[in-house]
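Residues per chain are reported as follows:
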Amino acid sequence: MTININTTTKPTWCPGCFNYQTLAGIKSALTKSVKKKEDIAIVTGIGCFPKIFDYLNLNGINTLHGRVPPTCLGIKIGNPNLTVLGFSGDGDAYAEGIEHTIHAARYNSDFKYIVSNNQVFALTVGQPTPTTELGFTDKTTPLGVKTQPINPIKLMLASGASFVARVSADTKQVEYVMDEALKHKGFAFIEILQPCITFHPDLEYKNKIYSLEKNKHNKTDFNEAWKRAEEFDYNTAKKIPIGIFYQVTKPVFEEQFPQLMELKKKKIGWKNIGR
Ligand code: SF4
């Protein structure tokens, strides 16, 4: 029997927003691989995409702006048996929360971090984020963005992440990469590239993306992952690789503490231990 994680809340995303496709992919992956709703906890930040909290009938925390990764880590320490998923937008993950995103990669706690990147602060009507391309203008930046965007794939590789992926907001791609991330032991970083059709509609990804998997990419080779990551600098690019850039086995944070391993063995959280 599959779990039902639908809610009756009507999404307030703009009609046609790519978040709908991402949501469908996430729901498919979770209903396939998780047996009980109680086994999952979700954490969302602030932004358009984090409104996903209202559209998934799952336990969780809608946390402070930028604080998704430490909240996920706290939940894993409270009960390492839970499947924990964090959801942010590019403003949340790369501006307010960039330090937490870096440390999440470094700790390698076993949670999955899904970041929807539309290269703009969409919820607050279109200001540039750290991944906005050079020259972008809005009311706050009438002379255009003058600073180079960061490359989150390179940032995650350099910070020690054991699973680094990027897909576009296509239901099948999201489902595929979520399936792989859920099987991965350790921190998984997934960036979902999508234009904001209201505040940044001129981004053109569709005809540039190509699949790493179909191009014989070796996802265990760090140098190859780095080279592929450099193909798209979040400004202009002729081609944008999507898929799993890098996946290796590294020590998982929780598994290095006997107290937490005891909880795992007994399949309980701290609240059930009777202390
Ligand atoms: Fe989607 Fe952009 Fe509308 Fe937000 S503002 S719901 S990201 S289209």
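Look a little higher up for the structure.
Keep in mind the model is a prediction, meaning the values are calculated, not measured.

Undergrad: Before we move on, could you go through the overall build of the protein and cite the residues and values that matter?
TA: A count of helical and extended segments in the protein gives eight helices and eight strands. The C-alpha radius of gyration of the protein comes to 18 Å, within 12% of the 19 Å expected for a compact globule of 275 residues. Principal axes of the C-alpha set define a box for the protein whose edges measure 60 × 45 × 35 Å. Put simply, the protein has 275 residues, and 53% of those count as buried.

Undergrad: Requested: an account of the side chain of Ser 168, with residues and values cited.
TA: With respect to the helices, strands and loops of the structure, Ser 168 is situated in strand β5 (residues 163-168). Judged by its relative accessible area of 12%, Ser 168 is buried. Leave out the neighbours within four places in its chain, and Ser 168 touches Gln 173, Val 174, Ile 192, Leu 193, Ile 209 and Ile 242.

Undergrad: With reference to specific residues and values, describe the sheet that holds β5.
TA: Spatially, β2-β1-β3-β4-β6-β5-β8-β7 is the arrangement adopted by the eight strands of the open sheet, whose pairing is mixed. In the strand order of this sheet, the two ends are held by β2 (59-62) and β7 (209-211), each with one partner. Geometrically, the sheet is characterised by an average inter-axis angle of 20° between neighbouring strands, direction not taken into account. Relative to strand β8 (residues 240-247), β7 runs parallel, the two sharing three bridges. Pairing of Tyr 210 across the sheet is with Pro 241, part of β8.

Undergrad: So what about the nonpolar core? Which residues, and what values?
TA: Counting 37 residues, the largest nonpolar core has Phe 111, Tyr 113, Ile 153, Val 164, Phe 187 and Phe 189 as the members making the most contacts within it. In this view, Phe 111 contacts Pro 69, Cys 72, Leu 73, Lys 76, Val 84, Ala 104, Gly 186, Phe 187 and Ala 188; residues no more than four positions away in its chain are not counted. Of all hydrophobic cores here, the second largest spans 32 residues; its members include Ala 29, Val 167, Val 177 and Ile 244.

Undergrad: Quick rundown of the pattern of salt bridges? Include the residues and the values.
TA: A complete count under the given rule lists eleven salt bridges for this structure. Two residues, Lys 112 and Asp 110, come together in a salt bridge whose shortest N-O distance is 2.7 Å. Overall, Lys 112 belongs to the buried group, its relative accessible area being 4%. The partner of Arg 166 in a salt bridge is Glu 191, and the shortest N-O contact between them spans 3.5 Å. You can see Arg 166 sitting in strand β5 and its partner Glu 191 sitting in strand β6 (residues 188-193), a full 25 residues away along the chain. The buried category is assigned to Arg 166, whose relative accessible area is 0%.

Undergrad: Help me get a handle on the packing of aromatic side chains, residues and values and all.
TA: The geometry of an aromatic ring pair comes down to the distance between the two centres and the angle between the two planes. According to the stated counting rule, one finds ten aromatic pairs in the structure shown. An aromatic cluster of at least three residues, connected via ring pairs, comprises Trp 13, Tyr 20 and Tyr 55.

Undergrad: How would you explain the site of the ligand if you had to name every residue and give the values?
TA: The full set of residues close to the ligand is Trp 13, Cys 14, Cys 17, Cys 48, Asn 118, Ala 122, Cys 196, Ile 197, Thr 198 and Phe 199. Of the residues in the shell around the ligand, the class split is eight nonpolar, two polar and no charged.

Undergrad: Would you mind going over unusual backbone geometry in detail, with residue names and values included?
TA: Within the chain, Tyr 234 stands out as a residue other than glycine whose phi angle is a positive 70°. Within the secondary structure, Tyr 234 sits in the loop between α7 (222-229) and β8. By relative accessible area, which is 0% here, Tyr 234 ends up buried.

Undergrad: Which residues make up the environment of Asn 57, and what values go with them?
TA: Tracing the backbone through its elements, the reader meets Asn 57 in the loop between β1 (40-44) and β2. Here the alpha-carbon distance between Asn 57 and Thr 129, two residues 72 residues apart in the chain, equals 30 Å.

Undergrad: Which residues make up the environment of Gln 194, and what are the values?
TA: One can find Gln 194 in the loop between β6 and β7. Sequence separation between Gln 194 and Lys 112 is 82 residues, and the spatial gap between their C-alpha atoms is 19 Å. Not counting residues within four places of it along the chain, the set of residues in contact with Gln 194 comprises Cys 17, Phe 18, Asn 19, Thr 22, Ser 116, Asn 117, Asn 118, Ala 169 and Tyr 205. A polar atom in the side chain of Gln 194 sits 3.5 Å from the side chain of Thr 22.

Undergrad: Describe the packing of helix α1 (residues 19-33) against helix α6 (residues 171-183), listing the residues and the values that go with them.
TA: Axis separation between α1 and α6 bottoms out at 8 Å; the angle between their running directions is 40°. Comparing the axis directions of α1 and α6 gives the class oblique. Crossing of α1 over α6 shows right-handed handedness. Listed contacts from α6 to Gln 21, Thr 22, Ala 24, Gly 25, Ile 26, Ser 28, Ala 29, Leu 30, Lys 32 and Ser 33 of α1 are Thr 171, Val 174, Glu 175, Met 178, Asp 179 and Leu 182. For the contact of α1 with α6, a count of residues per class yields seven nonpolar, six polar and three charged.

Rules used in this analysis
Residues numbered from 1 in each chain as written. Predicted model: local features only at pLDDT ≥ 70, side-chain atom pairs only at ≥ 80, totals over all residues. Heavy atoms only, no water. Helix = DSSP H or I, 4+ residues; strand = E, 2+ residues; numbered from the N terminus. Rg over C-alpha atoms; globule rule 2.2 N^0.38 Å. Buried < 20%, exposed > 50% of the residue type's maximum accessible area, 1.4 Å probe, protein only. Contact = heavy atoms within 4.5 Å. Pairing = 2+ DSSP bridges. Axes fitted to C-alpha atoms, helices over the stretch in contact; angles between N-to-C directions. Core = buried A, V, L, I, M, F, W, Y, C linked by side-chain atoms within 4.5 Å. Salt bridge = Lys/Arg side-chain N within 4 Å of Asp/Glu carboxyl O. Phe/Tyr/Trp six-rings, centres within 6.5 Å; stacked < 30°, edge-to-face > 60°. Near = heavy atom within 4 Å. Nonpolar A, V, L, I, M, F, W, Y, C, P; charged D, E, K, R; others polar. Polar contact = N/O pair within 3.5 Å; in protein donor to acceptor, adjacent residues only side chain to side chain. Parallel < 35°, antiparallel > 145°, perpendicular 65-115°, else oblique. Left-handed = near helix turned anticlockwise from the far one by under 90°.

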